[in-house]
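# What the coordinates show
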Amino acid sequence: MALVKAGVLVLDCAEPEKLAVFYKELLEGEEADATANRVEIKGADGFRVALRRDVNATPPSWPRPENSLQAHLEFVVDDLDAVERRIVSLGGRPLEAKDASGPLEERGYADPAGHSFVLRRTPPTAPKQG
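For the structure given in this document, a descriptive report is provided here. Because the structure is predicted, anything quoted here is derived from the model rather than measured.

### Describing the nonpolar core
Ranked by internal contacts, the top residues of the largest apolar core, which has 21 residues, are Tyr23, Leu51, Phe75, Ile87, Phe117 and Leu119. Counting only elements with at least two residues in this core, the list comes to β1 (9-13), α1 (16-26), β3 (38-42), β4 (48-53), β5 (73-77), α2 (80-89) and β8 (116-121). Broken down by element, the residue count for this core peaks at 5 residues, all from α1. Once residues within four sequence positions are removed from consideration, Tyr23 is found in contact with Leu11, Glu28, Ile41, Val49, Leu51, Leu73, Phe75, Asp111, His115 and Phe117.

This is the structure we're talking about:
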């Protein structure tokens, strides 16, 4: 019997109800649980993220060094451009990328409360030629 039955990523933020709307829409999920200080979202693929109230929460400043990145979410997607448009329409924003040359395989963003996350394009299924 497994000791750990499930895992949930928990993000601290000042207004969990508002941030829950962003993740509910982005993950095409549903509210799985809610209390006065916490909202949990279950994505369509089963991924769970909870937003916990912390009135003193400050977002990471990545890519700047002060209060820098401590952890981030990573989502695997097929169409970076389409998901980026969705993120921006939900109140998220792109983050500065250090190297924008060549075809982008991943892109960084911040949710409306400033938590960083990355979209990573699904790797091709066919082997590379050559």
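### Some points on the pattern of salt bridges
Applying the stated criterion across every chain, the model contains 9 salt bridges. Close ionic contact of Glu17 with Arg53 constitutes a salt bridge, the shortest N to O distance being 2.3 Å. In this pair, Glu17 sits in helix α1 while Arg53 sits in strand β4, placing the two residues 36 residues apart along the sequence. Residue Arg53 is classed as partly exposed on the basis of its relative accessible area, which comes to 23%. Notably, a salt bridge pairs Glu40 with Arg48, separated by 2.5 Å at the nearest N-O pair. For Glu40, a relative accessible area of 8% gives the class buried. On the basis of relative accessibility, which here comes to 25%, the residue Arg48 falls in the partly exposed class. Three or more residues joined by partner-sharing salt bridges are found here, namely Arg38, Glu40 and Arg48.

### A closer look at the sheet that holds strand β2 (residues 30-35)
Taken in spatial order, the 4 strands of this open sheet run β1-β4-β3-β2, and their pairing is mixed. The two strands at the open ends of the sheet, each matched to only one other strand, are β1 and β2. On average, each strand axis in the sheet is tilted by 20° relative to the strand beside it, whichever way the strands run. Inspection of the sheet shows β2 paired to β3 by 5 bridges, in the antiparallel sense. Directly across from Glu31, in β3, lies its bridge partner Ile41. Sheet strands in contact with α1 are β1, β2, β3 and β4, and its direction is about 160° off that of β4.

### A look at the pairing of strand β7 (residues 106-110)
The element β7 is largely enclosed, with a buried count of 4 among its 5 residues. Bridge analysis of strand β6 (residues 93-94) against β7 gives 2 bridges, and the strand direction is antiparallel. Directly across from Pro94, in β7, lies its bridge partner Tyr109. Relative to β8, β7 runs antiparallel, the two sharing 5 bridges.

### So, unusual backbone geometry
If you check the backbone angles, Glu28 has positive phi at about 50° while not being a glycine. Note that Glu28 resides in the loop between α1 and β2. Taking the relative accessible area as the measure of exposure, Glu28 reaches 65% and is therefore exposed.

Conventions used here
- Residues numbered from 1 in each chain as written.
- Predicted model: local features only at pLDDT ≥ 70, side-chain atom pairs only at ≥ 80, totals over all residues.
- Heavy atoms only, no water.
- Core = buried A, V, L, I, M, F, W, Y, C linked by side-chain atoms within 4.5 Å.
- Buried < 20%, exposed > 50% of the residue type's maximum accessible area, 1.4 Å probe, protein only.
- Helix = DSSP H or I, 4+ residues; strand = E, 2+ residues; numbered from the N terminus.
- Contact = heavy atoms within 4.5 Å.
- Salt bridge = Lys/Arg side-chain N within 4 Å of Asp/Glu carboxyl O.
- Pairing = 2+ DSSP bridges.
- Axes fitted to C-alpha atoms, helices over the stretch in contact; angles between N-to-C directions.

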